[in-house]
Structure formats: C-alpha cells, structure tokens
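# Understanding the architecture of this molecule
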Amino acid sequence: MSSTSPVLFWFRQDLRLDDNPALRAAIDTGQPVVPVFVLDDVTPGDMAYGSASRWWLHKSLDSLGEQLKSAGSTLVLRRGDAKEIIPKLVQEIGASQVFWNRRYAKWQVEADKALKKSLEDDEIRVTSCNGRLLYEPWDIETKSGGPYRVFTPFWKALKSQGNVRDTVTAIRKIDGPSRYPATDTLSDWALLPTKPNWAKGFEEVWEPGEKGAMSALRNFLDGPVDSYKDDRNRPDRNGTSRLSPHLHFGEISPVQIWHLVRNKISAGEVPDSQGDVFLSEIAWREFSYSLIYFNPEMHKKELMEKFRDFPWEHSEKKLEAWKKGQTGYPIVDAGMRQLWREGWMHNRIRMVVGSFLVKHLLLDWRDGMMWFWDTLVDADEANNTASWQWIAGCGADAAPYFRIFNPMTQGERFDPDGDYVRKYVEELRDLPAKHIHTPWDAPKDVLKKAGVELGRTYPEPMVDHKQARQNALDAYQSIK
Ligand SMILES: Cc1cc2nc3c(=O)[nH]c(=O)nc-3n(C[C@H](O)[C@H](O)[C@H](O)COP(=O)(O)OP(=O)(O)OC[C@H]3O[C@@H](n4cnc5c(N)ncnc54)[C@H](O)[C@@H]3O)c2cc1C
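Residues numbered from 1 in each chain as written. Predicted model: local features only at pLDDT ≥ 70, side-chain atom pairs only at ≥ 80, totals over all residues. Heavy atoms only, no water.

- Per an unreviewed UniProt entry, the protein goes by the name Deoxyribodipyrimidine photo-lyase and belongs to Aquisalinus flavus.
- Listed under Sequence similarities (unreviewed entry) in UniProt, the entry text for the protein is "Belongs to the DNA photolyase family."
- Under the Catalytic activity (unreviewed entry) heading, UniProt states for the protein: "cyclobutadipyrimidine (in DNA) = 2 pyrimidine residues (in DNA)." (UniProt positions renumbered as here; feature names shortened; annotations may be inferred.)

Shown next, in the form of structure tokens:
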C-alpha cells in the first residue's frame with residue numbers, strides 16, 4: 001500500500017477527540033484517516049447495549065459526528081458484526097492500517113485478538129493503544145505477581161506507579177480521503193425510544209458528548225469537590241461528579257481527569273484531602289477493570305467460590321416490585337424511580353437497593369445486575385459486575401454478607417430531611433421528615449394529613465425487615 005492510502009480508525013468506547021491516543025497515532029501517520037463506528041449487537045451477546053445506553057449512544061455519536069465535521073472529517077456509521085464489517089471496510093477504502101483503543105471484557109479481548117490476527121494475516125497493520133485506563137490491568141501487580149483482590153493495596157500500588165502518562169494533544173483537524181465510504185444514517189438505527197419516549201427525564205439532566213463531559217468535570221471542580229468526602233454519600237445533595245456515563249462512553253479519559261484534579265490540588269485550588277478521595281474513586285474504576293480482566297467469567301460466576309452454592313431465589317413478582325420502586329421502603333423506591341427517570345442512581349442508593357435485592361429479597365445478584373445493565377446510562381461491564389458482586393458479598397474486597405444494610409437507618413443518615421425520597425416518591429412528598437423513611441410507623445392522622453394511605457397510595461413494606469434479615473442470615477449459614 002502507498003503512504004497515501006487511508007488508515008482506518010475504529011471508535012469504540014472512546015467517543016472523543018481530546019486525549020485519544022489511537023486516533024492521534026492514526027493521524028500521525030500523515031495518511032488520510034477514515035473514522036468509523038460500528039453498532040455491533042452480535043459480538044457482545046448478553047452484553048449488547050441496554051436501552052438507556054442506546055439513548056446515550058445516539059446522543060454521543062450525534063455530538064461526535066458534529067465535532068468530526070468541524071475537524072474536516074466524516075464519521076462513517078456501519079451496523080453489524082464487527083469482525084465482518086471492519087475487514088470489509090478496510091478492503092473498500094484500501095486501508096493499509098487499522099487503529100483502535102483497547103477494551104478489557106472477555107468478549108472484547110477475544111474479538112479484538114481474533115480480528116487483529118485476521119487483519120494481520122492480510123498484511124494490514126493493527127495498532128492498539130490504552131485510551132481507557134490510567135494503567136493497563138497487567139501493569140499493577142502484587143509483590144508476588146498477579147492481580148490484587150483488595151482495593152487499598154491496589155490503590156497504593158497504583159499511586160506508586162509514578163507518573164500517569166501525559167494527555168496526548170487534542171485533535172483539531174483530520175485529513176480524510178477525497179471520497180468517504182457510504183455511511184448509515186444515525187436515526188435509522190432507532191436507538192432513541194419513541195412509543196413511549198421514556199427518556200424525557202434523561203434530557204433534563206444529561207448532556208452526552210465530549211463537551212458535556214468536560215463541563216460536568218469543570219462544574220464539579222468549581223464547587224462540589226471541596227466537600228466530596230462527606231457529600232459523596234448524600235443523595236439529597238449534588239455532591240458527586242456525575243461523570244460515570246461520560247467515562248463509560250470514553251467522552252473523557254481518566255488521564256484527563258487525573259491531571260486536571262492533581263493540577264488543581266497543586267495550585268491549592270482543591271483541598272488535597274478531598275481531591276485524593278475523588279481520585280481514589282477513579283481508582284475503584286481501575287480496580288473493577290483489573291478484576292474483570294483477570295476474572296473473565298465474573299459477570300456470570302461469583303468470585304468467592306463458596307457463593308456459587310448460595311440458594312439465590314428467582315421470583316418475577318418480587319423482582320418486578322423492586323424494578324418498579326414499589327417495595328414499600330421509601331429509600332429503595334426512590335432509588336429505583338430515580339433510575340427510571342434519569343437513567344442513573346446515586347452510589348449510596350445503588351448500594352442500598354442492591355443490598356435490598358440480594359439480602360432482603362434473596363434474589364440473584366445477576367438479576368439486579370442485568371436490570372442495571374438495561375436501565376443505567378453508565379452501564380459498564382466492569383463497574384456494574386464488580387459492584388454487584390461486592391454488594392452481594394461474593395466479590396473482591398466485598399462487604400461481608402452478614403452486614404445487611406438497614407434501609408431505614410440508611411435513609412435517616414444519608415437523606416435526613418427526606419428530600420431525596422420526596423423528589424422521586426411523589427406520593428410521600430407531604431410526609432414530615434420524621435416519618436418519611438418509616439411511613440408504616442407514622443400516626444394515622446399524620447398519614448391522613450399527608451394524603452398517604454398505605455396499601456393504596458403507597459405500598460406496605462413487601463417484606464418485614466427483621467424477618468428478611470434473619471432469612472438472609474439463615475441462607476448464608478447454608479454455605480458457610
Ligand atoms: C450495585 C452497583 C452497580 C454499579 N454499576 C455501575 C455501572 O454500571 N457503571 C458505573 O460507572 N458505576 C457503577 N457503580 C459505581 C458507582 O455507583 C458509580 O460509578 C457512581 O455512582 C457514578 O456517579 P459519579 O460519576 O457521580 O461518581 P463520582 O463519585 O463522582 O466518582 C467519579 C467516578 O469514579 C468511578 N467510581 C465511583 N465510584 C465507583 C465504584 N464504587 N466502583 C467503580 N468506579 C467508581 C466512576 O467512574 C465515577 O464516574 C455501581 C455501584 C453499585 C453499588
């Protein structure tokens with residue numbers, strides 16, 4: 001191939017132009033670059049995009065397409081099995097090289113390895129880069145070799161790696177071929193819900209795309225970061241960055257975040273104690289990626305072997321009540337309804353609803369994980385899998401199974417005025433704070449005044465807390 005033949009850049013979970021190492025490398029060849037995104041619902045199997053992710057993907061691709069246009073390029077959209085689409089496109093445009101940023105889940109690693117081999121067999125060079133993590137999973141090893149299973153030493157090891165790589169220069173211009181190959185039309189992919197449009201609430205809280213990602217980070221660094229350590233546990237406050245969907249789709253990289261936060265800390269603009277806790281959460285994400293990379297069956301199998309015999313239940317009725325936010329426990333229902341409305345849920349509440357599913361209802365953590373997969377805009381195979389195993393007590397560095405979250409005390413502690421519950425469980429909005437997390441204990445006249453009739457306007461608790469707790473402990477005894 002001549003040096004004027006085009007190179008193909010394959011966008012995957014890196015929908016950005018800034019700090020995109022593989023795109024930078026493609027441009028640095030000096031050859032025309034053809035950027036492509038493939039909507040592949042075949043290769044991932046169960047892990048194909050969920051409904052909320054599809055909404056985000058549409059918006060993010062729309063925004064990326066505009067950015068590419070401004071840079072003088074065109075985003076080519078194709079749909080189908082990537083292992084067929086990419087080689088076909090390579091042939092169609094006469095590409096000499098293919099570039100991509102690496103991915104880490106089992107199906108992704110296997111698919112990329114196989115595609116790389118088949119392209120190289122056809123003498124097409126493949127270059128892959130790390131555009132997703134601070135460090136590759138295999139870069140952080142225990143002293144005796146092998147991956148970490150406990151977060152704190154992982155975090156120490158990550159910090160002792162030395163400098164996180166510099167960000168690569170932002171891309172303003174991309175030279176392309178004189179004629180681009182044919183592209184699908186984004187709207188033909190029907191990624192957005194129509195009948196009904198259940199994503200109306202998403203529009204109000206999210207700005208997908210690279211610009212939205214950077215403004216989320218800047219808004220966070222302009223205020224909430226200063227009290228992150230405490231406020232990160234308060235669902236009733238704007239205490240966290242809400243960067244998770246942006247990070248999932250790669251609209252911002254953890255390397256960009258790392259340097260911006262560290263620079264602010266060095267300049268004395270962000271307290272070290274707060275910024276460091278925030279960066280440790282970015283490191284939890286790295287830890288999750290390490291876990292799924294080294295435990296490729298983790299989305300199906302419990303990491304702790306003894307839990308593979310746990311008597312998980314399967315009950316559509318119980319699962320439906322949980323999904324719909326009709327459990328009768330206000331903090332749980334608020335979380336599940338926030339998920340419906342915004343495609344997102346606060347981390348503290350993810351833990352509460354997860355614990356409730358697994359321990360109060362004794363349902364299989366995989367059922368909860370798959371619901372989150374479908375409904376979260378930040379649904380992420382690494383974070384979702386690792387977090388569900390963590391809350392179920394069967395994962396790495398997990399909360400011990402017998403430590404069972406009490407939904408009432410969680411509510412009283414982290415949503416003391418009940419504002420979070422009131423926002424999402426509207427039928428309880430007139431209840432005073434004193435009773436908002438325990439409506440069943442409220443005096444009749446208080447309920448009446450607030451227009452609450454238990455069992456009619458709002459459900460009675462679907463399980464008795466004390467009994468459910470005991471059932472969970474009994475189930476745990478059976479595998480101990
Ligand atoms: C049951 C359960 C399921 C979850 N599923 C997902 C998921 O599918 N996708 C997802 O991104 N996160 C998931 N999390 C982790 C966490 O809840 C979200 O990352 C966080 O709420 C996102 O909000 P934020 O961006 O404002 O977080 P911030 O507090 O601002 O944190 C910044 C970033 O750090 C990372 N992070 C924060 N907390 C964690 C954590 N506990 N584990 C791993 N990374 C973390 C995220 O990338 C996040 O965007 C899950 C947690 C639980 C308990």
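### Describing the site of the ligand
- Inspection of the region around the ligand gives 26 residues, with Tyr228, Thr240, Ser241, Arg242 and Asn347 positioned closest.
- The side chain of Arg350 places a nitrogen or oxygen atom 3.4 Å from an oxygen atom of the ligand.
- Asp378 places a main-chain nitrogen or oxygen 2.9 Å from a nitrogen atom of the ligand.
- For the ligand, whose unbound accessible area comes to 820 Å², protein coverage reaches 95%.
- Within the residue set of the shell around the ligand, elements represented by two or more residues are α9 (244-248), α11 (272-294), α14 (347-360) and α16 (381-392).
- Classifying every residue of the shell around the ligand by side-chain character gives twelve nonpolar, eight polar and six charged.
- Formed jointly, the shell around the ligand draws a minimum of three residues from each of two domains, domain 2 (133-166 + 209-294) and domain 3 (305-477). (Near = heavy atom within 4 Å. Polar contact = N/O pair within 3.5 Å; in protein donor to acceptor, adjacent residues only side chain to side chain. Areas by Shrake-Rupley, 256 points an atom, 1.4 Å probe, with all protein chains shown as cover. Helix = DSSP H or I, 4+ residues; strand = E, 2+ residues; numbered from the N terminus. Nonpolar A, V, L, I, M, F, W, Y, C, P; charged D, E, K, R; others polar. Domains from an automatic or database assignment.)

### Describing the domain arrangement of the protein
- What the domain assignment reports for the protein is domain 1 (7-131), domain 2 (133-166 + 209-294) and domain 3 (305-477).
- Averaged C-alpha coordinates put domain 2 and domain 3 at centres separated by 27 Å.
- Counting from both sides, the interface comprises 23 residues of domain 2 and, opposite them, 25 residues of domain 3.
- Taking both sides of the interface into account, the surface hidden between domain 2 and domain 3 amounts to around 1,900 Å²; carbon and sulfur atoms contribute 57%. (Contact = heavy atoms within 4.5 Å. Buried area = accessible area lost by both parts, 1.4 Å probe.)

### Concerning the UniProt feature "binding site: FAD" (unreviewed entry) in the protein
- Taking the UniProt record as the reference, the feature "binding site: FAD" (unreviewed entry) is found at Tyr228, Thr240, Ser241, Arg242, Leu243, Ser244, Phe278, Asp378, Ala379 and Asp380. For the residues just named, distributed over 153 residues, the greatest C-alpha separation reaches 22.8 Å, placing them at more than one site.
- Structurally, the position occupied by Tyr228 is in helix α8 (residues 228-231).
- Of the residues examined, Tyr228 reaches a relative accessible area of 5% and is grouped as buried.
- The contact partners of Tyr228, leaving out residues within four places of it in the chain, are Phe220, Gly239, Thr240, Gln274, Val277, Phe278 and Glu281.
- Turning to its location among the elements, Ser241 is positioned in the loop between α8 and α9.
- When sequence neighbours within four positions are dropped, the list of residues in contact with Ser241 reads Ala216, Phe220 and Phe278. (Buried < 20%, exposed > 50% of the residue type's maximum accessible area, 1.4 Å probe, protein only.)

### Details of helix α3 (residues 82-93)
- For α3, with twelve residues, the first-to-last C-alpha span of 16 Å sits near the 16 Å given by 1.5 Å per residue.
- Every buried residue of α3 is listed here: Ala82, Ile85, Ile86, Leu89, Val90 and Ile93. The arc that holds every buried residue of α3, seen down its axis, measures 130°, which confines them to one face. Along α3, the residues that are exposed and aim more than 90 degrees away from the buried face are Lys83, Glu84, Lys88 and Gln91. (Expected span 1.5 Å × (residues − 1). Arc of directions from axis to C-beta.)

### Topic: the sheet that holds strand β4 (residues 97-101)
- With parallel pairing, the five strands of this open sheet are ordered in space as β3-β2-β1-β4-β5. The open sheet is flanked by β3 (76-79) and β5 (125-129), the only strands paired with a single partner. This sheet shows a mean twist of 25° between the axes of neighbouring strands, independent of strand direction.
- Bridge analysis of strand β1 (residues 7-11) against β4 gives three bridges, and the strand direction is parallel. Looking at β4, one finds that Phe9 is bridged to Phe99. (Pairing = 2+ DSSP bridges. Axes fitted to C-alpha atoms, helices over the stretch in contact; angles between N-to-C directions.)

### Let's talk about the pairing of strand β2 (residues 33-39)
- Counting buried positions along β2 yields seven of seven residues, so the element is predominantly enclosed.
- Of the two faces of β2, both are covered, the one formed by Val33, Pro35, Phe37 and Leu39 as well as the one formed by Val34, Val36 and Val38.
- For β1 and β2, the ladder comprises five bridges, and the chain directions are parallel. The residue of β2 that forms the bridge with Leu8 is Val34.
- Each parallel crossover has a hand, and the one from β1 via helix α1 (residues 21-28) to β2 is right-handed.
- As defined by bridge partners, β2 adjoins β3 across four bridges and the pair is classed as parallel. Counterpart to Val36 in the pairing with β3 is Val76.
- For the crossover from β2 across helix α2 (residues 51-70) to β3, the handedness is right-handed. (Right-handed = clockwise from strand over helix to strand, strands pointing away.)

### Quick word on the side chain of His435
- In this structure, His435 sits in helix α19 (residues 433-436).
- Ignoring sequence-local partners within four residues, the contact set of His435 consists of Asp441, Ala442, Pro443 and Val446.

### Topic: the packing of helix α12 (residues 316-324) against helix α13 (residues 330-342)
- As a packed pair, α12 and α13 sit with axes 7 Å apart at the nearest point and diverge in direction by 75°. If you check the angle between α12 and α13, you find them roughly perpendicular. Residue-level contacts link Trp322, Lys323 and Lys324 of α12 to Val332, Met336, Arg337 and Trp340 of α13.
- Taken together, the residues of the contact of α12 with α13 break down into four nonpolar, no polar and three charged. (Parallel < 35°, antiparallel > 145°, perpendicular 65-115°, else oblique.)

### Some points on the UniProt feature "domain: Photolyase/cryptochrome alpha/beta" (unreviewed entry) in the protein
- The positions UniProt marks with the feature "domain: Photolyase/cryptochrome alpha/beta" (unreviewed entry) are residues 5-134.
- Within the segment residues 5-134, helix and strand shares are 43% and 20% respectively, and the terminal C-alpha atoms sit 33 Å apart.

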